[in-house]
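Inside the fold
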Amino acid sequence: EEDAGSLLVTHEKQSGAASYDIMQIILDDAKVTGSTFSTELYHVYNELNSPGTSIALPAFYMASEPDSEEKHAEANGCAIFRDDKMVDFLSPEQTKYVLMMKEHLSGGVLTVYLPDLTPHNISLEITGVEPSLSYEINDSDVSMHLEVVLHTYLNEYPHRKNDSSSAVIEPVTQAAEKMVEEKLSDVVKHLQTSSQADVLGFGNHIYRTNLPFWKTISADWDTIYQTIPVTVTAKIHILNTAMIRDS
């Protein structure tokens, strides 16, 4: 859109405040799709004034309605800022994995395709996320490790008569963990090399836990951040299943 104000312009035949609809989309998104950020203004202020971190804000666009000239506001990932300047956009899919790493995701669905088990997509409904961040220092070099634990339900998996829940859960878990690790790694690399913005707060984590070391690297952190080694681990716990028999 030309400017943010165009999102708030309501068609003359529509009723209600567009700003209220946008607010509801943002509030509900983390529980449903995980495609944009929900950020309070004081969090934005705190992150802008905290060392070793960058901010992400929700992004919207005007989507066309089917068979109509009317448009409505729709979430479209997030905008990435370095200091107070916007430097990049992330797609809704990329944003979902940033939300995972920042513990801002409380719902949504992961889709896994395992043709050896079923010709259908397998859906895992996310019920909770537990990320943890750690680092190692060797001499003056630092490396980061990010672990994300996902609690999920296995939704409506069409299975054959001789399939048991236990026989299905292990390959689904392994495939989902591999997929999530690859997606997380891709997003981390994108933030480091394309956005060059520390949205995940690697630097801030070091600042809060090891201030003496942070003081030795803070002046060069923007450069260090772009090449810092990051390992990512995903663990998926399937808490329950809703298996249906494939006819």
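What counts and how
- Residue numbers run consecutively from 1 along every chain, following the written order of its sequence.
- Two thresholds apply to this predicted model, a pLDDT of at least 70 for residue-level local features and 80 or more for giving and counting side-chain atom pairs, whereas whole-chain, interface and lining totals are computed over all residues.
- The side-chain quantities take in all heavy atoms of the structure and omit both hydrogens and water.
- Between rings of Phe, Tyr and Trp, where Trp is taken as its six-membered ring, a pair exists when centres lie within 6.5 Å; planes separated by under 30 degrees are stacked, by over 60 edge-to-face, and by other angles tilted.
- In DSSP terms, a helix is any run of H or I states spanning at least four residues, a strand is any run of E spanning at least two, and both are numbered starting from the N terminus.
- Three labels apply to residues, based on accessible area from a 1.4 Å probe with only protein chains included: buried if under 20% of the type maximum, exposed if over 50%, partly exposed otherwise in between.
- DSSP calls a pair of strands paired once it identifies at least 2 bridges connecting them.
- Each axis is a line fitted through C-alpha atoms, taken for helices only over the stretch in contact, and angles between the N-to-C directions span 0 to 180 degrees.
- The contact definition used throughout considers only heavy atoms, calling two residues in contact when any of these lie within 4.5 Å.
- Only buried residues count toward a nonpolar core. Its members are Ala, Val, Leu, Ile, Met, Phe, Trp, Tyr and Cys residues joined through side-chain atoms within 4.5 Å.
- Any N or O atom pair separated by 3.5 Å or less is treated as a polar contact, with the protein-specific requirement of one donor-capable and one acceptor-capable atom, and with residues adjacent in sequence counted only for side-chain atom pairs.
- The predictor attaches a confidence to each residue, called pLDDT, with possible values from 0 through 100.

As a further point, take the packing of aromatic side chains. Going through the model one piece at a time under the given rule, you end up with four aromatic pairs. Note on Phe202 and Tyr225: the rings are 6.1 Å apart at their centroids and 55° apart in plane angle, and the pair reads as tilted. Of this pair, Phe202 sits in helix α5 (residues 202–209) while Tyr225 sits in helix α7 (residues 221–227), placing them 23 residues apart in sequence. According to the relative accessible area criterion, Phe202 is buried, its value standing at 1%.

Turning to the sheet that holds strand β3 (residues 85–90), a few remarks are in order. Across a sheet, paired strands are connected by hydrogen bonds in the backbone, their directions being either parallel or antiparallel. Read across the open sheet, the three strands follow the order β1-β2-β3; overall the sheet is antiparallel. Because the sheet does not close on itself, it has two edges, and the strands there are β1 (55–64) and β3. Neighbouring strand axes in the sheet, compared pairwise and without regard to direction, differ in orientation by 40° on average. Across the sheet, helix α3 (residues 92–101) lies against β2 (71–82) and β3, angled at about 105° from β3, the strand it touches most.

Here we come to the nonpolar core. Membership of the largest hydrophobic core comes to 49 residues, with the highest contact counts inside it found for Met100, Leu110, Leu150, Val172, Val180 and Leu191. Considering every element that reaches this core, the biggest residue donor is helix α4 (residues 165–195), with nine residues. Those residues within four positions of Met100 in sequence are excluded, and the remaining contacts are Leu105, Leu110, Ile126, Val129, Pro131, Val148, Leu150, Val180 and Leu184. Counting six residues, the second-largest nonpolar core is a separate cluster that includes Phe60, Met62, Ala73 and Ala75.

Time to look at the side chain of Asn204. Mapped onto the fold, Asn204 is located in helix α5. From its side chain, Asn204 meets the backbone oxygen of Pro51 in a polar contact 2.8 Å long. If we skip the residues at most four places from it in the chain, Asn204 touches Ser50, Pro51, Gly52 and Thr53.

Chain-level pLDDT for the protein is 84 on average; 84% of the residues reach the 70-or-more range. Element-level pLDDT for the protein is lowest in strand β9 (residues 244–245), with a mean of 48, against a maximum mean of 97 in α5.

What follows is about the environment of His145. Summarising the element assignment, His145 is placed in strand β6 (residues 141–155). In sequence terms His145 and Val232 are 87 residues apart; their C-alpha atoms lie 6.0 Å from each other. Setting aside its immediate chain neighbours within four residues, His145 contacts Ser132, Leu133, Ser134, Thr231, Val232 and Thr233. Here the side chain of His145 touches Thr231 through a polar contact of 2.7 Å, side chain to side chain.

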